[in-house]
Amino acid sequence: MTVYFIGAGPGDPDLITVKGAKLVETCPVILYAGSLVPKAVIERARPDAKVYDSASMDLDDITKVYTDAHAKGEDVARVQTGDLSIYSSLAEQTRRLNDLGIDWKVIPGVSSFQASAAALGQELTLPEECQTIILSRASGRTPVPEKENLKALASHEATLCLFLSATLIRKVVRELSDVYPQNWPVCVVEKASHPEQRIIRGTLADIAEKMHEANIKSTAMIIVSKVFAIDDFVDSKLYDPTFSHACRKAKVVEAEPVTEGESHE
C-alpha cells in the first residue's frame, strides 16, 4: 500500500502529469483538496473509488483516511494543487506517515508560478540580466523567518515570485519600495491557467490600486522582476554558433537493416 502525493497543477485539468492522472484513475481511495483541485481531475476516478474532500478535514482526519486505507491494503491518491514542493503541507503529512510506517511517494506537478510565467509569455530569467528566481511569500498570519523578509530578498534583484500574498499587496509594496524605485515592474496573474484567468501589469507605484480596482484578493501570483522591462538583452550562448557545447554535438546514427524474420520490437 502506498500514499501517492500528486501535484494536480495550477487549475487547468489537462496540466496534471500523465503519471498523476493514471494514479487518480486507478487508486481505490482518492483524497483531494476540494477548494482548489478542479473537479475534472477527480472525475477520472474509477466508479467504485472512495473519494474524500479534504477541504473540511484537519490533519487527524486526513491521517485516518491513510490508516484506514493501509489496514485494507488500498493505495491512496492524495491530490493537491500545484506542485507538492511549495506550500503544500507535504512535510507534516509525510511525518505522520513515517511514524506509522506507511509508504508514500511524490508525483510532481506544475506550479502556479510556472503557469503564471506561461500566461505572461515571459521567461523569468534573461542572459546577463537576471539568473535567479526566488519563490517566497509575504509575512502575514503565517510568519516568515526574519532573514527571509522581502527587503532582504529584494536586495538580490532576482525575479521574485510571491505566493499567498494578494491580500498583503500594500505591505509588499511598502517593503519592496525600500529597495526598488517606484517604476519597478510587477505582474499579477489571478487563477493562472483557469478559464477565468486575469493578468494585471503595473509597477510598485500602481499595482496595489490596480489589484484593488480589479478586486483581486486571492489565488493570485505576484511576480516582481526587472525582466518585464528589459527588451534589449544579449542572446544566450545556447544557440551561439561560436559557442562549443557538448550537448549540441548530436550524432546521426543509421539504423541497422532488419532481416526477414527479425522482430521490430
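Note that this is a predicted model, so its numbers are computed, not measured. (Residues numbered from 1 in each chain as written. Predicted model: local features only at pLDDT ≥ 70, side-chain atom pairs only at ≥ 80, totals over all residues. Heavy atoms only, no water.)

A. Expanded view of the pairing of strand E8 (residues 185-190). Counting buried residues in E8 gives 6 out of 6 residues, a clear majority hidden from the surface. Of the pairings in the sheet, the one linking E8 to strand E9 (residues 198-203) comprises 6 bridges and is antiparallel in character. When the sheet's bridge partners are listed, Pro185 is paired in E9 with Thr203. Where E8 and strand E10 (residues 220-224) come together, 5 bridges link them in antiparallel fashion. (Buried < 20%, exposed > 50% of the residue type's maximum accessible area, 1.4 Å probe, protein only. Helix = DSSP H or I, 4+ residues; strand = E, 2+ residues; numbered from the N terminus. Pairing = 2+ DSSP bridges.)

B. Seen up close, the nonpolar core. Ranked by internal contacts, the top residues of the largest apolar core, which has 27 residues, are Leu150, Leu160, Ile169, Leu176, Val188, Ile207 and Val224. Elements represented by at least two residues in this core include exactly helix H6 (150-154), strand E7 (159-163), helix H7 (169-176), E8, helix H8 (207-214) and E10. Ala8, Val24, Ile30 and Val41 belong to the second largest nonpolar core, which has 19 residues in total. (Core = buried A, V, L, I, M, F, W, Y, C linked by side-chain atoms within 4.5 Å.)

C. Local environment of the state of the cysteines. Taken as a whole and assessed by the stated rule, the structure comprises 0 disulfides. Unpaired in terms of disulfides, Cys130 finds its nearest cysteine sulfur in Cys161, a separation of 9.5 Å. (Disulfide = S-S within 2.5 Å.)

D. Here's a closer look at the environment of Leu97. Topologically, Leu97 is positioned in helix H4 (residues 90-100). Leu97 sits 31 residues away from Tyr66 along the chain, and the two C-alpha atoms are 8.1 Å apart. Apart from the residues lying within four places of it in its own chain, the contact partners of Leu97 are Val3, Phe5, Tyr66, Ile102 and Trp104. (Contact = heavy atoms within 4.5 Å.)

E. Spatial organisation of the confidence of the model for the chain. Residues at a pLDDT of 70 or more form 91% of the chain, whose mean pLDDT is 91. Across residues 259-265 the pLDDT falls below 50, and counting only partners more than four positions away or on other chains, this stretch makes 2 contacts in the model. (pLDDT = per-residue confidence, 0-100.)

F. Representation of the packing of helix H3 (residues 59-72) against H4. With their axes 11 Å apart at the nearest point, H3 and H4 run at an angle of 45° to one another. Regarding the angle of H3 to H4, the classification is oblique. For H3 against H4, the interelement crossing comes out right-handed. Taking contact as the criterion, the partners of Leu59, Asp60, Ile62, Thr63, Tyr66 and Thr67 in H3 are, on H4, Glu92, Gln93, Arg96, Leu97 and Leu100. Classifying every residue of the contact of H3 with H4 gives 5 nonpolar, 3 polar and 3 charged. (Axes fitted to C-alpha atoms, helices over the stretch in contact; angles between N-to-C directions. Parallel < 35°, antiparallel > 145°, perpendicular 65-115°, else oblique. Left-handed = near helix turned anticlockwise from the far one by under 90°. Nonpolar A, V, L, I, M, F, W, Y, C, P; charged D, E, K, R; others polar.)

G. Geometry of a negative patch on the surface. Together, Glu128, Glu129, Asp231 and Asp232 line one region of the surface with negative charge. By the secondary structure assignment, Asp232 is in the segment after E10. (Patch = residues over 30% accessible without salt bridge, like charges linked within 9 Å, V, L, I, M, F, W, Y side chains within 5 Å. Areas by Shrake-Rupley, 256 points an atom, 1.4 Å probe, with all protein chains shown as cover. Salt bridge = Lys/Arg side-chain N within 4 Å of Asp/Glu carboxyl O. Lys, Arg positive; Asp, Glu negative; His and termini not counted. Charge placed at Lys NZ, Arg CZ, Asp CG, Glu CD.)

H. Representation of the sheet that holds strand E4 (residues 76-80) in the model. Spatial strand order, E3-E2-E4-E1-E5: 5 strands in an open sheet with parallel pairing. Of all the strands in the sheet, the pair left with one neighbour each is strand E3 (50-53) and strand E5 (103-107). With direction set aside, neighbouring strand axes in the sheet form an average angle of 20°. Against the sheet, H3 engages strand E1 (2-7), strand E2 (29-32), E3 and E4, with an angle of about 170° to E2. Most of the contacts of H4 go to E1, to which it runs at about 175°, and overall it touches E1, E4 and E5.

I. Local environment of the packing of H7 against H8. Remark: H7 packs on H8, axes separated minimally by 9 Å, with the N-to-C direction vectors making an angle of 170°. By the criterion of interaxial angle, the relationship of H7 to H8 is roughly antiparallel. Side by side, H7 and H8 meet where Ile169, Arg170 and Val173 of the first sit next to Ile207, Ala208, Glu209, Met211 and His212 of the second. Looking at side-chain class alone, the contact of H7 with H8 contains 5 nonpolar, 1 polar and 2 charged residues.

J. Layout of the packing of aromatic side chains. For the structure shown, the criterion picks out 4 aromatic pairs. Aromatic pair Phe5 and Tyr66: ring centres 6.2 Å apart, planes at 70°, arrangement edge-to-face. With Phe5 in strand E1 and Tyr66 in helix H3, this residue pair connects regions lying 61 residues apart in the sequence. What makes Phe5 buried here is its relative accessible area of 0%. You can call Tyr66 buried: its relative accessible area is 1%. An aromatic cluster is built from Phe5, Tyr66 and Trp104, whose rings are joined through pairwise contacts. We note Arg137 situated over the ring of Tyr87; from NZ or CZ to the ring centre the distance is 5.7 Å. (Phe/Tyr/Trp six-rings, centres within 6.5 Å; stacked < 30°, edge-to-face > 60°. Lys NZ or Arg CZ within 6 Å of the ring centre and 35° of its normal.)

K. Structural context of the pattern of salt bridges. A full pass over the atoms with the stated rule returns 12 salt bridges. Of the charged contacts, one joins Arg46 and Asp48 as a salt bridge, the two residues approaching to 2.7 Å between their closest N and O atoms. Residue class for Asp48 comes out exposed when judged on its relative accessible area of 54%. Put simply, Lys171 and Glu175 hold a salt bridge, and the shortest N to O gap is 2.9 Å. Taken together, the residues span about one helical turn, with Lys171 and Glu175 both in helix H7 at a distance of 4 residues. The exposure class of Lys171 is partly exposed, given its relative accessible area of 24%.

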